[in-house]
Amino acid sequence: SNVKSVVFTSAKKNGFIAGADIFDITGVEDKSTLVPIIEEALLFFLHMKSKNVPLVAAINGPALGGGLEWALWCDYRICTDASSTKMGLPEVKLGFLPGFGGTQNLPALVGVQGGMDMMLTGKDIRPAKAKKMGLVDLVVAPQSLEKVAVETAEGLANDTVKKSRPKKKSLMNRFIE
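What comes next is a walk through the structure. Just so we're clear, the structure is a prediction, and the values are computed from it rather than from any experiment. (Residues numbered from 1 in each chain as written. Predicted model: local features only at pLDDT ≥ 70, side-chain atom pairs only at ≥ 80, totals over all residues. Heavy atoms only, no water.)

## With respect to the overall build of the protein
Move 1: On a plain count of helices and strands, the protein comes out with seven helices and six strands.
Move 2: Listed N to C, the secondary structure of the protein is β-α-α-β-β-α-β-β-α-α-β-α-α in terms of helices and strands.
Move 3: Looking at the protein as a whole, 43% of its 177 residues are labelled buried.
Move 4: Within the protein, residue pairs in contact and separated by at least 24 positions form 72% of the contacts whose partners lie at least 6 positions apart.
Move 5: Here the protein displays about 10,000 Å² of accessible surface, and carbon together with sulfur accounts for 59% of that area. (Helix = DSSP H or I, 4+ residues; strand = E, 2+ residues; numbered from the N terminus. Buried < 20%, exposed > 50% of the residue type's maximum accessible area, 1.4 Å probe, protein only. Contact = heavy atoms within 4.5 Å. Areas by Shrake-Rupley, 256 points an atom, 1.4 Å probe, with all protein chains shown as cover.)

So this is what it looks like as structure tokens:
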């Protein structure tokens, strides 16, 4: 393949991916009709991962619900320090669990304690905290996001940048797990 790496970003000025419209989902009477949609999304992510091509998420603005889950499938996550940038799983406030791999990918990345806190409360996580907890690898100014994301993707492809690894777990996280 000629593709060496992939950067996922948004054409919107202030938003990564906000995820599904929860009100559309709550309006679906037969929830079993959502299963093929979820399966198709999971297959897409698994297919992308099977290519062994580095995936970078370039996040400016909200990455909520399915948007955060999309970023979690990536090997490296970069977000901006813009006031609109936040990450979270707000669907849990309405009784929905993350459906696109978030229940597995989030705790694997940030530990069970941090992952469960996000999945049970639906709290928004701001850039500085996201970096501290290992949810993102870099926090940059909005004007440098694209350049840094492309450089990072190139670095991942030629092994000058290492893939993101889960944050070292605290004693409490190791005990919980």
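Read on, since the account is not over.
## Things to note about the nonpolar core
Move 1: Formed by 26 residues in total, the largest nonpolar core has its most connected members in Ile59, Met87, Leu106 and Leu135.
Move 2: Of all the secondary-structure elements, those providing two or more residues to this core are strand E1 (6-8), strand E2 (55-59), helix H3 (66-72), helix H4 (102-121) and helix H5 (127-133).
Move 3: Considering each element in turn, this core owes the most residues, five residues, to H4.
Move 4: Counting ten residues, the second largest nonpolar core, distinct from the first, contains Ala58, Tyr76, Ile78 and Val148. (Core = buried A, V, L, I, M, F, W, Y, C linked by side-chain atoms within 4.5 Å.)

## Digging into the side chain of Thr152
Move 1: Relative to the elements of secondary structure, Thr152 occurs in helix H6 (residues 145-157).
Move 2: Classification of Thr152 by relative accessible area gives buried; the value is 8%.
Move 3: Reaching out from Thr152, the side chain makes a polar contact with the backbone oxygen of Val148 at a distance of 2.7 Å.
Move 4: Residues in contact with Thr152, not counting those within four places in the same chain, are Val56, Tyr76, Ile78, Leu138 and Val161. (Polar contact = N/O pair within 3.5 Å; in protein donor to acceptor, adjacent residues only side chain to side chain.)

## Description of the pattern of salt bridges
Move 1: Inspection of the entire model under this criterion finds six salt bridges.
Move 2: In this structure, the salt-bridge partner of Lys163 is Asp75, at a minimum N-O distance of 3.8 Å. Here Lys163 is found in the loop between H6 and helix H7 (171-176), whereas its partner Asp75 is found in the loop between H3 and strand E4 (76-80), with 88 residues between them in sequence.
Move 3: When the shortest N-O distance is used, the salt bridge between Glu151 and Lys147 registers 2.9 Å. Taken together, the residues span about one helical turn, with Glu151 and Lys147 both in helix H6 at a distance of four residues.
Move 4: Accessibility expressed as a relative area gives 40% for Glu151, which makes it partly exposed. (Salt bridge = Lys/Arg side-chain N within 4 Å of Asp/Glu carboxyl O.)

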